[in-house]
Every structure is written in structure tokens, then in C-alpha cells.
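So the chains spell out like this:
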Amino acid sequence: MSEFVESLMQDVKAKNPDQPEFHQAVYEVLTSLELVLEKHPEYRKAKIVERIVEPERVIMFRVPWVDDNGEVQINRGYRIEMNSAIGPYKGGLRFHPSVNLGILKFLAFEQVFKNSLTTLPMGGGKGGSDFNPKGKSDAEVMRFCQSFMSELFRHIGPNTDVPAGDIGVGGREIGYLFGQYKKLRNEFTGVLTGKGLGWGGSLIRPEATGYGSVYFASEMLATRGETLEGKTCLVSGSGNVAQYTVEKINQLGGKVVTLSDSSGYIYDEEGIDAKKLAFVMELKNVRRGRIKEYAEKYPNAVYTPVDPNLDYNPLWNHKADCAFPSATQNEINGKDAQHLVDNGVICVSEGANMPTTIEGINIFLENKILYGPGKAANAGGVAVSGLEMSQNSLRLSWTREEVDQKLHQIMKNIHKTCVDSAEAYGTPGNYVNGANIGGFLKVANAMLDQGIV
Ligand code: NDP
């Protein structure tokens, strides 16, 4: 590590104590940027890196609401407006009890580079709340969303900041949030993405992150003359990203043998085919049940509950060719990464944000795994959000085929940017450097052009 990166990291840690996920995300990017800073003293002079790690604005607010028993509940709401050099802030909202300032700052930081990679004009942001939608009635979720938006509405807008979904925020929540924004502003605008199809949403938006992650994996495999046909795949999570990852892998001839939620995972050696996937979608999106029920419905599958005493996740310890972590951050540690390598996995495409620890990443890189980091591999979601914004501005909607074709092309372009950037900076095949450098350059140049703001 260079002296510059070391001292900047010390600074970031001192200024942002108790935010380990934010430190991790910054560290990973800075180690790649060392290569760039050597070649570009102008970035050092303008303190681009020192500025890029500091959010442009952080909003924190109280979210009071009343539950079905008439009890008053109080949650905390956040919006991190990280960087607007290349467009309005853009990034999802996460509703999960683990949400805190550090987690949202890591997500907002990653989002800056990811959005830049899509080639669309979007800055980076992220937000959410420590509200737990699990076990809440629709009416409770609605009252929470209305209270959340009663503050957020004054900070966002179609040309300022355009939130979307993330963990715990899907079509239902976006609907309630949009309804409240529209009422408060008396405006029907594209202020959120992931909207319903009948009121401004884009076809393929629900599918985009999962499909995009699989398209990215296909591009990586193609560099070694391989395809997904006949490949056995491990997928974690069972939410939006995981579901459409499974759908696309199946379409391309692969076989998915695992899915999970925060209580445990299922292993189905026969594969999760379209019919079983339809069951999972109904289970998770309509009944909001647990993945355990999959093994009750399909007795050949084995359910393993989470064991808090294990220092690894057994989901990653099965024979397979490809892995698609699609649940949450730091779900693959060093031990898990080693298990994947030992079990013959050649390709890892991250649907989730920062699912692999630094130790895990190093194991993938040392073993020459085709490793697509989240900010590249899962950029399909925000890319189609960008396409939703374009359609809203044009006041028209594209067909399913048109959007899917644009998504596919964007994922190919992102892959090419990663490959080219990694090569240009002397680390061919290193998608981590490729994504970080490729994403950084456009933002850094825009910041140079726009002066010290
Ligand atoms: P969902 O809420 O639809 O699903 C999340 C899934 O991950 C659920 O199965 C959930 O299980 C599981 N999960 C969540 N937190 C944990 C945890 N702490 N430990 C174990 N499992 C957990 O979210 P998405 O599918 O939208 O998001 C998944 C990942 O993809 C996140 O990292 C998100 O940031 C990333 N992502 C999402 C995009 C999108 O368009 N939605 C875009 C780009 C990235 P349970 O139900 O038990 O909580």
C-alpha cells in the first residue's frame, strides 16, 4: 500500500469511526486507484480522492409511525447523497434492521462507480431505514413508507435524487413511497424507479439485476471459451436479485442447486427449474414465507438452518462451476472463497453489493477465478433504472425486448470497460481493478471540469 493510500485510510477511519463496511469499500477502491494516481498527478493535486470519499450530503431523520395495535413506533431514516458529478444522485433504499450510517455510506460509495460504469448520466446515492418489513401488515408498511416520504420528499426530485429499491424495498414499498411523494408535491414525475408497469415503471426492471449479473458471468466465461450451458451454479438469497438470476441461468442452460434466506439455505441437487422457481416467487413475493418451505414442498431438497457457531457458510461448500452471491454484504469470507475454489468454481458474479470480504477477494484473484465484483456485475439494476428515467422523460415506454437488448448491451459494455481498464493499468484479467478504475475515471474527470465544489 502506498504512503498516500495508507494515510488517507487512516483519515477515513478517524473521521468515520464505527463504520467498518465503509472502510472496507473505500480500501478496496483505493488499492486499485493507486495505479491511476501514479499516472495522473492532476487528480492528486485537485484532491479528487479525498473529495470522493466524503459524501456531498448526509440526511438523517426521524420516522414515527403507528402500528396495528395503536402503538407509536420510531425508526431512523437516511439518505446519503454521495456524488453528483455525472448526474442526479441515484441509488436504492434499503429497509432492514441492520441498516446504519456506515452500511449506507458503503453502498452509496459503491454506487458512484457502478453508476459511472453503466455509461448513463447518474450520480451516486443510497438510503433507507432500520425498519424491518418482515412480519408487518401491508397497512403498517404503508404507514411507515408514508412517514418516511413525508421527510424524504423535500430532498429528492427527478433532477436531484432518484431513489429505487434494495433489500426490503420492492414494488409494494415503491408504490406507497411514490403515492405519498405525488400527494405532497402534487406532481407526477419519475422521482423513483422500480415503479409499477401501469404508472411509469419499465419492463425488465424487476429482472434487471439478476439478468445483468448472469449476462456479466457469460461475458467473463466467454473470455475462456466457456458458456453457462450445463454449468452447476450456487445462488444465495431468494429475493429479487436471486430469483431472476435463477431464471436467466435456467434460460441459458445452467442448473441452480441452492437458494437461501437469513434463516438457512436449501440444496436441490436436481436443480431449481422454472416450476420450482415459480413456487419460490410465490413463497417470497406473495406469501412472504421462509425458504425452509421449499424443502417441505420438494422433499428431495435438503434444508440447512444457519448455524451461528460456524465460521463459514455451508452453501458455498458444494461442487459447482459458478457462484452468484445475491443476498447481502460479506456473505463470502476467506474460508468460503477457499471452499469455492476447492470445489471447482471458476466464475463468481456478484449480484449482491460487496458480498465478498477483502480476504475472499484476494483468494479469488490469486486463483485466477473469473471474479466479477458487484459494482460491475450487478449494475444491470441501476442501468434499467436509468432507462426507466429516460422513458419517463420521453413519456413513452419501450418493449420488453428493447429494454432487455439495451440491458444486455450495457452489461457487455461494462465488461469491456473492466477488461480494457485492467489491461491499460497493467493488471489484465483483474476485474476488481478494471471496475474501480473504469468507474472512477469518468467521475474524476467530471469533478476536475466542474472545479472545487
Ligand atoms: P431482497 O430484499 O429482495 O432479498 C434479499 C435476500 O437476501 C433475501 O433472501 C434475504 O433473506 C437475504 N438476506 C438479506 N439480508 C441478509 C442477511 N443479513 N443474511 C442472510 N441473508 C440475508 O433484496 P434484493 O434481492 O433486492 O437485494 C439482494 C442484494 O442485491 C443486496 O446486496 C442488494 O444491495 C443487491 N442489489 C440489489 C439490486 C436491486 O435491483 N434490487 C441492485 C443491485 C444490487 P431474508 O428474507 O431472510 O431477509
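Parameters at a glance
Residues numbered from 1 in each chain as written. Predicted model: local features only at pLDDT ≥ 70, side-chain atom pairs only at ≥ 80, totals over all residues. Heavy atoms only, no water. Helix = DSSP H or I, 4+ residues; strand = E, 2+ residues; numbered from the N terminus. Rg over C-alpha atoms; globule rule 2.2 N^0.38 Å. Buried < 20%, exposed > 50% of the residue type's maximum accessible area, 1.4 Å probe, protein only. Contact = heavy atoms within 4.5 Å. Areas by Shrake-Rupley, 256 points an atom, 1.4 Å probe, with all protein chains shown as cover. Lys, Arg positive; Asp, Glu negative; His and termini not counted. Charge placed at Lys NZ, Arg CZ, Asp CG, Glu CD. Domains from an automatic or database assignment. Buried area = accessible area lost by both parts, 1.4 Å probe. Salt bridge = Lys/Arg side-chain N within 4 Å of Asp/Glu carboxyl O. Nonpolar A, V, L, I, M, F, W, Y, C, P; charged D, E, K, R; others polar. Pairing = 2+ DSSP bridges. Axes fitted to C-alpha atoms, helices over the stretch in contact; angles between N-to-C directions. Near = heavy atom within 4 Å. Polar contact = N/O pair within 3.5 Å; in protein donor to acceptor, adjacent residues only side chain to side chain. Parallel < 35°, antiparallel > 145°, perpendicular 65-115°, else oblique. Core = buried A, V, L, I, M, F, W, Y, C linked by side-chain atoms within 4.5 Å.

J.: What is the right way to read the overall build of the chain from this model?
T.: Across its full length, the chain holds 17 helices and 13 strands. Against the globule reference of 22 Å for 453 residues, the chain gives a C-alpha radius of gyration of 21 Å, in line with a compact fold. Considering only C-alpha atoms, the chain reaches an extent of 60 × 55 × 45 Å along its principal axes. Within the span of the chain, comprising 453 residues, buried residues form 57% of the whole. Taking the intrachain contacts of the chain between residues at least 6 apart in sequence as the baseline, contacts between residues at least 24 apart amount to 71%. For the chain, the exposed surface amounts to about 18200 Å²; the carbon and sulfur share of it is 50%. Charge separation in the chain, taken as the distance between the mean sites of 48 positive and 54 negative side-chain charges, equals 5 Å.

J.: Is there a simple way to think about the domain arrangement of the chain in this case?
T.: A common way to state how big an interface is: give the accessible area lost once the parts meet. Looking at the chain, the domain boundaries give domain 1 (3-188) and domain 2 (208-372). When each unit is reduced to the centre of its C-alpha atoms, the spacing between domain 1 and domain 2 is 26 Å. Counting residues at the interface gives 16 residues for domain 1 and 13 residues for domain 2. In total, about 1100 Å² of surface goes out of reach between domain 1 and domain 2, with carbon and sulfur atoms giving 50% of it. One can count zero salt bridges joining domain 1 with domain 2. Listing elements by their share of the side of domain 1 that touches domain 2, those giving two or more residues are helix H2 (20-39) and helix H5 (101-117). Residue composition of the side of domain 1 that touches domain 2, grouped by class: six nonpolar, one polar and nine charged.

J.: Which parts of the structure should I look at to understand the environment of Ile363?
T.: Along the polypeptide, Ile363 turns up in helix H13 (residues 358-366). Since its relative accessible area comes to 12%, Ile363 is described here as buried. In this structure Ile363 touches Gly334, Ala337, Gln338 and Val341, once residues within four positions along its chain are discounted.

J.: What is the right way to read the sheet that holds strand S4 (residues 124-129) from this model?
T.: Pairing between the strands of a sheet is mediated by backbone hydrogen bonds and can be parallel or antiparallel. Pairing is mixed across the open sheet formed by five strands, whose spatial order is S1-S2-S4-S3-S5. Looking at which strands have only one partner, the edges of the open sheet turn out to be strand S1 (57-66) and strand S5 (161-164). Taking each pair of neighbouring strands and ignoring which way they run, the sheet shows an average axis angle of 20°. When S1 meets strand S2 (residues 72-83), the two strands line up antiparallel, connected through 10 bridges. Within S2, the residue paired with Phe61 across the bridge is Gly77.

J.: Whenever I open this one, the site of the ligand confuses me. Can you help?
T.: Taken together, 25 residues surround the ligand, and among them Asp166, Thr209, Ser262, Arg290 and Asn353 come closest. Between the ligand and the protein, one listed contact pairs an oxygen atom with a backbone N or O atom of Val241 at 2.9 Å. Asn353 places a polar side-chain atom, nitrogen or oxygen, 2.8 Å from an oxygen atom of the ligand. If the ligand stood free it would expose 900 Å²; the protein chains cover 83% of that surface. Structurally, the shell around the ligand is a two-domain feature, drawing no fewer than three residues from each of domain 1 (3-188) and domain 2 (208-372).

J.: Looking at this structure, I do not really get the packing of H2 against helix H17 (residues 431-449). What am I missing?
T.: What describes two packed helices is the angle between their axes and the distance between those same axes. It is at 9 Å that the axes of H2 and H17 come closest, and there the two elements cross at 75°. Considering the angle they form, H2 stands roughly perpendicular to H17. Note on element contacts: H17 touches H2 through Val432, Asn433, Asn436, Ile437, Phe440 and Leu441, opposite Glu28, Val29, Ser32, Leu33, Leu35 and Val36. Its residues placed into classes, the contact of H2 with H17 shows eight nonpolar, three polar and one charged.

J.: Please clarify how the environment of Leu104 should be interpreted in this entry.
T.: Mapped onto the fold, Leu104 is located in helix H5. Leu104 sits 24 residues away from Gly128 along the chain, and the two C-alpha atoms are 7.6 Å apart. If near-sequence neighbours (up to four positions away) are discounted, Leu104 is found in contact with Tyr78, Ile80, Val99, Lys126, Gly127 and Gly128.

J.: In this structure, what is going on with the sheet that holds strand S9 (residues 264-267)? I would like to understand it.
T.: Taken together, three strands build an open sheet; the order of strands is S8-S9-S10 and the sheet is antiparallel. The outermost strands of the open sheet, each flanked by one partner alone, are strand S8 (258-261) and strand S10 (302-305). Ignoring which end each strand starts from, the neighbouring axes of this sheet average 20° apart. Two elements, S9 and S10, share four bridges in a ladder whose sense is antiparallel.

J.: I'm lost on the nonpolar core in this one. Help?
T.: Buried together is how nonpolar side chains tend to be arranged in soluble globular proteins. Counting 53 residues, the largest nonpolar core has Phe216, Leu259, Tyr294, Phe324 and Ile414 as the members making the most contacts within it. Not counting the four nearest positions on each side in its chain, Phe216 is found in contact with Ser349, Gly372, Ala376, Ala377, Met411, Ile414, His415, Cys418 and Tyr431. Listed in part, the 41 residues of the second largest apolar core include Ile52, Val53, Tyr425 and Ala444.

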